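Architecture at a glance
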Amino acid sequence: MKIFVDGKFYGERDAKVSVFDHGLLYGDGVFEGIRAYNGRVFKLKEHIDRLFCSAKAILLDIPMTHAEMMQATIETVRVNKLRDSYIRLVVTRGVGSLGLNPRSCKKPTVIIIAATIQLYPAEYYQRGLDLVTVPTTRNLQNSINPAIKSLNYLNNILAKIEANNAGMEEAIMLNAEGFVAECTGDNIFIVKNGTLFVPPLSACALYGITRQTVIELALQHGFKVSETNLTRYDVYNADECFITGSAAEVVPAVKVDGRVVGTGKPGPVTLKLIKEYRALTQISGEPIGK
Ligand code: PMP
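Residues numbered from 1 in each chain as written. Predicted model: local features only at pLDDT ≥ 70, side-chain atom pairs only at ≥ 80, totals over all residues. Heavy atoms only, no water.

**Description of the site of the ligand**
In the vicinity of the ligand there are 17 residues, among which Arg50, Tyr153, Glu182, Thr210 and Ser246 approach most closely. Within the contact set of the ligand, a nitrogen atom lies 2.6 Å away from a side-chain nitrogen or oxygen of glutamate 182. Within the contact set of the ligand, an oxygen atom lies 2.7 Å away from a backbone nitrogen or oxygen of isoleucine 209. Considering the ligand on its own, with 390 Å² of exposed area, one finds that the protein chains cover 93% of that surface. In this structure, the ligand is accommodated by the largest pocket. Contributing elements (two or more residues each) for the shell around the ligand: α6 (209-220) and β13 (240-245). (Near = heavy atom within 4 Å. Polar contact = N/O pair within 3.5 Å; in protein donor to acceptor, adjacent residues only side chain to side chain. Areas by Shrake-Rupley, 256 points an atom, 1.4 Å probe, with all protein chains shown as cover. 1 Å grid on protein atoms, 1.4 Å probe; cavity = no way out; pocket = protein on both sides within 12 Å on 5 of 7 lines; lining within 4 Å. Sits in = over half its atoms within 2 Å of the grid points. Helix = DSSP H or I, 4+ residues; strand = E, 2+ residues; numbered from the N terminus.)

In structure tokens form, the structure reads like this:
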């Protein structure tokens, strides 16, 4: 595997960052997770735009333009001869002294890894997930804003551990007001009487690119979509529930906190959106080229 680090490609053993990199010392940096399908990088521009927005929010100057970052991403997939891939972009504050002040960091570190794709087990999609609401609430807007895709993911990791401790694969995280925010690495939707309901971005969720794509697909196929605050009650009493993310795509959830959602099987709207999303990934995106 060839890994892009600060403009050059290195083998897996040689692709390294310093122990003084503030990405490691303080989680000071931003990242993206992107997928390539069938020789194209899906929603590349949206991911690069979000990377730059995250960087702006933490006053991190990425030493490349949007176009250069898109090109470097495509190049990394191409040199690894991958047509389907999971791509990780990381920009850290860079190497500095042990103090947390980012002023000691002179140059951000840019890393691009194009890995082979690890698909989620097929049973997740066929049977559906069992979710649990966890005690760790999603970060407040005025702490680490959940819209920032930062390297500081402990909030989500704690929620994931709590879900795992409860014997579940995935968690629902509430915000400080008690409304549904999102899952640990995915956005959440419910379906009620044929309408999709999704927590607004102001409910403390990442501005999910799959979330947006699914909203657009649903509207194109004649479904109504409402961005509205949801409580756990709404989720328990939904006809269907599903989660969305670049890695997971669209995954049905059939049980929440021990309550069976709808029929307890992936519902027709969810199945339709899984199908339409997969179809879209196969035909759109930035071509990787030969
Ligand atoms: N929420 C969180 C906290 C995430 O980390 C992610 C991405 N892994 C998502 C939602 C889904 O976002 P996207 O659809 O852009 O991958």
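**A short note on the pairing of strand β5 (residues 85-92)**
The element β5 is extensively covered by neighbouring structure, given that 6 of its 8 residues are classed as buried. Pairing between strand β3 (residues 29-37) and β5: 8 bridges, direction antiparallel. Residue pairing for β5: isoleucine 34 is matched across the bridge by isoleucine 87. Direction of pairing for β5 relative to strand β6 (residues 109-115): antiparallel, over a ladder of 7 bridges. Each residue of the ladder has a partner; that of valine 91, found in β6, is valine 110. (Buried < 20%, exposed > 50% of the residue type's maximum accessible area, 1.4 Å probe, protein only. Pairing = 2+ DSSP bridges.)

**Topic: the domain arrangement of the chain**
Reports of interface size often rely on the accessible area that becomes lost once the parts have come together. In terms of domain boundaries, the chain breaks down into domain 1 (2-115) and domain 2 (122-282). Summarising the inter-unit geometry, the C-alpha centres of domain 1 and domain 2 are found 26 Å apart. Contacts between domain 1 and domain 2 engage 23 residues on the former and 20 residues on the latter. Summed over the shared surface of domain 1 and domain 2, the number is 1 salt bridge. Between glutamate 249 and arginine 35 there is a salt bridge whose closest N-O contact spans 3.7 Å. The interface formed by domain 1 and domain 2 includes 8 residue pairs in polar contact (both at pLDDT 80 or more). Mapped by element, the contributors of at least two residues to the side of domain 1 that touches domain 2 are α1 (22-26), β3, α2 (44-57) and β5. Looking at the side of domain 1 that touches domain 2, the element that brings in the most residues is β3, giving 7 residues. (Domains from an automatic or database assignment. Contact = heavy atoms within 4.5 Å. Salt bridge = Lys/Arg side-chain N within 4 Å of Asp/Glu carboxyl O.)

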